[in-house]
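Structural overview for review
The chain contents come next:
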Amino acid sequence: MPRVAATPITPPDQHLVTAREAIEPLYEKLELQMESLVLAAALEAGWPPDEATEALAALRLQDALSTLGRTS
């Protein structure tokens, strides 16, 4: 039976990039796609562009505050 060499596992402190650095580009891409879809849906529903943009900004702020535990 052939033998397979063990693959070494790189410890977290020796990674070339952090987990955040690795996922940040994908997160930003998904965030932009989501915002585009939400704004497009709001415009299709008849919202004026400035109101749709303000509503999305308000939702983002509310989400950020919720994440930080600072909702009222």
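Residue numbers restart at each chain and count upward from 1, following the sequence in its written direction. Where totals are concerned, whole chains, interfaces and linings use all residues; where local detail is concerned, this predicted model gives features only for residues with pLDDT of at least 70, and gives and counts side-chain atom pairs only at 80 or more. Computation of side-chain values: all heavy atoms of the structure, hydrogens and water removed.

Turning to the layout of surface pockets, a few remarks are in order. Cavities and pockets were defined on a 1 Å grid built from protein atoms only: a cavity is a group of points that admits a 1.4 Å probe but offers it no way out, a pocket is an open group of points flanked by protein on both sides within 12 Å along at least five of seven lines, and a lining residue is one with an atom within 4 Å of any such point. Grid points are joined across faces, edges and corners, and a volume is the space filled by probe spheres set on the points. For the largest pocket, the calculated volume is near 190 Å³. The wall of the largest pocket is formed by Y27, L30, E31, M34, L56, L59, R60, D63, A64 and T67. Looking at the lining of the largest pocket, the elements with two or more residues in it are α1 (19-44) and α2 (49-67). The leading source of residues in the lining of the largest pocket is α2, at six residues. Three residue categories are used. Nonpolar comprises Ala, Val, Leu, Ile, Met, Phe, Trp, Tyr, Cys and Pro, charged comprises Asp, Glu, Lys and Arg, and polar comprises the others, including Gly. Looking at the lining of the largest pocket, its residues break down into six nonpolar, one polar and three charged. By the criteria applied, helices consist of DSSP H or I runs no shorter than four residues and strands consist of E runs no shorter than two, each listed in order from the N terminus.

This part takes up α2. One less than the number of residues in a helix, times 1.5 Å, gives the span that helix is expected to have. The end-to-end C-alpha separation of α2 is 27 Å, in line with the 27 Å expected for 19 residues at 1.5 Å each. Of the residues trailing α2, G69 is marked for its positive phi of about 75°.

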